[in-house]
Amino acid sequence: MTGTDRVFLALANPVRRELLKILRSRPRSAGELSDQFELSRPAIAGHLKVLREAGLVAGEAQGRRRIYRLTAEPLAALGEWLHPFERFWGARLAAPAEAAEELE
């Protein structure tokens, strides 16, 4: 499995996408992250493991806690992969926007 495949697999899950959104603002401990969900700590730990293996987050031990932070490199690589498709969806999104403007 390629790195891009791992990133797509990690992003396919809504809990993992929400974890990334939470980490955008600042690094957080696994406990702080777990407190944001109605899931067990082991379930959140499993999601964090997938994100770590995809390179989307990094975890650092600080005493008995593990602090997670967002890492940008895989997202940048994903952006590079998606870039050739921007023209396709840009044109698709422009048509409804233009139609809506005409209705106003």
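Definitions and limits used
- Residues numbered from 1 in each chain as written.
- Predicted model: local features only at pLDDT ≥ 70, side-chain atom pairs only at ≥ 80, totals over all residues.
- Heavy atoms only, no water.
- Axes fitted to C-alpha atoms, helices over the stretch in contact; angles between N-to-C directions.
- Helix = DSSP H or I, 4+ residues; strand = E, 2+ residues; numbered from the N terminus.
- Parallel < 35°, antiparallel > 145°, perpendicular 65-115°, else oblique.
- Contact = heavy atoms within 4.5 Å.
- Nonpolar A, V, L, I, M, F, W, Y, C, P; charged D, E, K, R; others polar.
- Pairing = 2+ DSSP bridges.

**Student:** I'd love a proper account of the packing of helix H1 (residues 3-11) against helix H5 (residues 73-82), names of residues and values included.
**Tutor:** H5 packs onto H1 with a crossing angle of 100° between their chain directions and a minimal axis gap of 10 Å. Here H5 runs roughly perpendicular to H1, going by the angle between their axes. On H5, the residues touching Thr4, Val7, Phe8 and Leu11 of H1 are Pro74, Leu78 and Trp81. By residue class, the composition of the contact of H1 with H5 is 6 nonpolar, 1 polar and no charged.

**Student:** I'd like a rundown of the pairing of strand E2 (residues 57-62), residues and numbers included.
**Tutor:** Relative to strand E3 (residues 65-70), E2 runs antiparallel, the two sharing 6 bridges. Paired with Val57 across the two strands is Leu70, which belongs to E3. Turn length for the E2-E3 hairpin, with the two strands adjacent in sequence and antiparallel, is 2 residues, and the turn residue Gly63 shows positive phi of about 70°.

**Student:** So what's going on with the sheet that holds E2? Which residues, and what values?
**Tutor:** Note on sheets: strands pair through backbone hydrogen bonds, and any given pair is parallel or antiparallel. Strand order across the open sheet formed by 3 strands is E1-E3-E2, with antiparallel pairing between neighbours. Each of the sheet's edge strands pairs with one partner strand only, and the pair in question is strand E1 (28-29) and E2. Across the sheet, helix H2 (residues 14-25) lies against E1, E2 and E3, angled at about 90° from E3, the strand it touches most.

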